[in-house]
Amino acid sequence: MFAPTTSLVLLTSLLQLSVYGASVATQHQKRAQCAATLSTAEGVASALQAHYYNTGTGMYNGGSLWTDANALEDLHNLMLGADVDTWSSVADGSYIGQAALSSSTNWASLLGGANDDAGWVLMALWKIADYKGARGLSNTAYLNAAATIYNLIADQWDDTCGGGVWWSTAHTYKNAITNELFLYVSADGYLRGGGQTYLDNANKVWNWLSASGMRNAQGLWNDGLTDSCANNGQTTWTYNQGVIASGLAALYAATKNTTLLDQAEITLDATISLLTEDDILKESCDDALSGGSVCDADQQLFKGLWTKHLQYYLDMANDSTRTAKYSPFLGSQTSAVFHYGTDASDDVGSVWYAPNQGGSIFTPKTSTSGLEAHVAAAKYGPC
C-alpha cells in the first residue's frame, strides 16, 4: 500500500481511477445481453464455485495464482453482465482479495517474481473494483493494489532485445504474453485515469512488440524470443492471439488510431483460420481421444482467455461492423462448450472441438475457460 507521503499526483490518479471504476461497468455492460447464454454461464459459475472453490483458503482447489485471478475476474464480469450479485462476497474472502484489503501485503513477494501473473492479478483487481463501483461499494483498496502491481511490472522494462518487460524478475526470458498484458493494462490504465505515463508505456510496448519479430508470417504470435532476440518459433497459443487484440483495442480507445484495430484483426482472423477445427478453437495440446496429448495446468485456460479478450476487444472497439464480424464465431464457441465440453455436473472440460471420448480433462481452469466463452458470447454472440 502507499505510504502517507504519497504524492498529490498519485492520489489524484487514484481518485480518477475510483470514479472510472464506478462508471466503467455501466459503460462496458450497457449492451443488451443474451439471457439464455447468461443462464448457462451462471450454471457453470455455480458449479465452479461449488466443486472447486475453497472458502477456507480463498483459493480454487487445483488452481494457481494466475488462474484464480482469472476466475475472480470472470465471476465479476458475469455479475456485471447479468446484473446479479450471486458471488458478491467471494472477492473480499479470496486470497487475492484479502491481500488487496491488507495494508501490509508485500505484492512483490506474493507474486513471486512472475510478471505475467502480475498482469492477470491486476486485471482481476480492476474487474472487482468495477463491480464494487457499480454497486456503490468502496473499491479503493483494490485500486491501490492494482496501482502498486502496475508499478512493479513497469519497473521490469529494460533495453535487452531493444526493450520489453521480462517474463520474470529472474530476467531470463522476454515473451509475448507478458508484454501483451503490459500493453493492455497500460492502455486501459490510461483510460481509467492513470495519467500520461500509462499511455506512454502503452505506445512504447506496442512499438517494441510490433518490431520484435514475435508475430510470424501467418499473423500469429509465437511464445517469445531467443537469447539472441529472435522469434523462438515456439507454440502459437490461443491466448497470445487474444490478449494482443484487447490491448490494441484499448490503445485505439485512447488514441482513436484505427490502424491498431486492423493490426489486431490480422491476428484474430489468423486464429479463426489456423487454430480451429470445424470452426471451434483447438489448442495444439487438445485431444478428444483417450491416451492422446493433454494440455498442462496453464494451457487448459488459454482458449477461454481468447474469447474473453475478444469480448474486451469488442468493448473497446465499440464498432457494430466489427462486432457483427466476430459474433457468429463467439456463438459457435459457446455452443461447442455447452454441447461438447460440459458434463452432467456443469463442469467444463478441456476439449471443445469434438465430443469427449476420454481425452478431455476437468479442472477449475477448464471450467473457468468455458465460463469465459459463455460470458463473451452472452454479450456479443447471437441469441
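What you see is a predicted model, and the numbers here were worked out from it, not measured in a lab.

Draft legend 1. Here's a closer look at the overall build of the protein chain. On a plain count of helices and strands, the protein chain comes out with 15 helices and four strands. Over its C-alpha atoms the protein chain spans a radius of gyration of 19 Å, differing by no more than 12% from the 21 Å that the globule rule assigns to 383 residues. Counting only C-alpha atoms and orienting by the principal axes, one finds that the protein chain spans roughly 60 × 45 × 40 Å. For the protein chain, buried positions account for 59% of its 383 residues. Long-range contacts, defined here as pairs at least 24 residues apart, represent 68% of the contacts in the protein chain between residues at least 6 apart. Carbon and sulfur atoms provide 50% of the accessible area of the protein chain, an area that totals close to 13900 Å². The averaged location of the 35 negative side-chain charges in the protein chain is 7 Å from the averaged location of its 17 positive side-chain charges.

Draft legend 2. View of the nonpolar core. Among the nonpolar cores identified, the biggest contains 111 residues, and Trp120, Val121, Leu125, Ile149, Trp206 and Tyr313 are the most heavily contacted of them. For this core, the element with the most residues is helix α7 (residues 115–134), which contributes eleven residues. In this structure, Trp206 is in contact with Leu183, Trp221, Ile244, Leu248, Leu251, Leu260 and Gln263, ignoring residues within four places of it in sequence.

Draft legend 3. Up close: the side chain of Ser186. Within the secondary structure, Ser186 sits in helix α9 (residues 176–191). Looking at Ser186, the relative accessible area reads 0%, which means it is buried. At 2.7 Å, the side chain of Ser186 and the backbone oxygen of Phe182 are in polar contact. Excluding its chain neighbours within four sequence positions, the residues that come into contact with Ser186 are Tyr150, Tyr198, Leu199, Asn201 and Ala202.

Draft legend 4. Inspection of the confidence of the model for the protein chain at higher detail. Across the protein chain, the average pLDDT comes to 93, with 92% of residues at or above 70. Counted against residues more than four places away or in other chains, residues 1–16, with its pLDDT under 50, gives 19 contacts.

Draft legend 5. View of the packing of α9 against helix α11 (residues 238–255). Here α9 crosses α11 at 25 degrees, and the two axes come no closer than 8 Å. Relative to α11, the element α9 lies roughly parallel. For the crossing formed where α9 meets α11, the hand is left-handed. Residues Ala176, Ile177, Glu180, Leu181, Leu183, Tyr184, Ala187, Asp188, Tyr190 and Leu191 of α9 lie in contact with α11, whose contacting residues are Tyr239, Asn240, Val243, Ile244, Ser246, Gly247, Leu248, Ala250, Leu251, Ala253 and Ala254. Across the contact of α9 with α11, the residue classes tally to 16 nonpolar, three polar and two charged.

About the criteria used
Along each chain, residues carry numbers from 1 onward, in the same order as the chain's sequence is written. The model is predicted, so local features are restricted to residues of pLDDT at least 70 and side-chain atom pairs to those at 80 or more, both for listing and for counting; the totals for chains, interfaces and linings are taken over all residues. As a rule here, side-chain values come from all non-hydrogen atoms in the structure, and water together with hydrogens is ignored. The helix and strand labels rest on DSSP assignments: H or I over at least four residues marks a helix, E over at least two residues marks a strand, and numbering proceeds from the N terminus. Radius of gyration: over C-alpha atoms. The globule rule applied is 2.2 Å multiplied by the number of residues raised to the 0.38 power. The rule is simple: take the accessible area with a 1.4 Å probe, protein chains only, and divide by the maximum for that residue type; under 20% is buried, over 50% is exposed, in between is partly exposed. Residue contacts follow a heavy-atom distance rule, with two residues in contact if any of their heavy atoms lie within 4.5 Å. The protein chains shown are the only cover counted for residues, whose accessible areas, like all others here, come from Shrake-Rupley with a 1.4 Å probe. Charged residues are defined narrowly, with Lys and Arg counted positive, Asp and Glu counted negative, and His plus the chain ends left uncounted. Taken as the charge centre is NZ of Lys, CZ of Arg, CG of Asp or CD of Glu, depending on the residue. We call a set of buried Ala, Val, Leu, Ile, Met, Phe, Trp, Tyr and Cys residues a nonpolar core when their side-chain atoms join them within 4.5 Å. A 3.5 Å cut-off defines polar contacts: any pair of N or O atoms within that distance qualifies, except that in protein one atom must be a possible hydrogen donor and the other a possible acceptor, and neighbouring residues in sequence count only when both atoms are side-chain atoms. Known as pLDDT, the predictor's per-residue confidence is scaled from 0 to 100. Note on method: axes are straight lines fitted to C-alpha atoms, helices fitted across the in-contact stretch only, with angles between N-to-C directions ranging 0 to 180 degrees. For classification, angles of less than 35 degrees are called roughly parallel, those exceeding 145 degrees roughly antiparallel, those between 65 and 115 degrees roughly perpendicular, and all remaining angles oblique. Crossings are classed by handedness, with left-handed meaning an anticlockwise turn of the near helix from the far one by less than a right angle and right-handed meaning a clockwise turn. In the scheme used here, Gly and all other residues not listed as nonpolar or charged are polar, with Ala, Val, Leu, Ile, Met, Phe, Trp, Tyr, Cys and Pro taken as nonpolar and Asp, Glu, Lys and Arg as charged.

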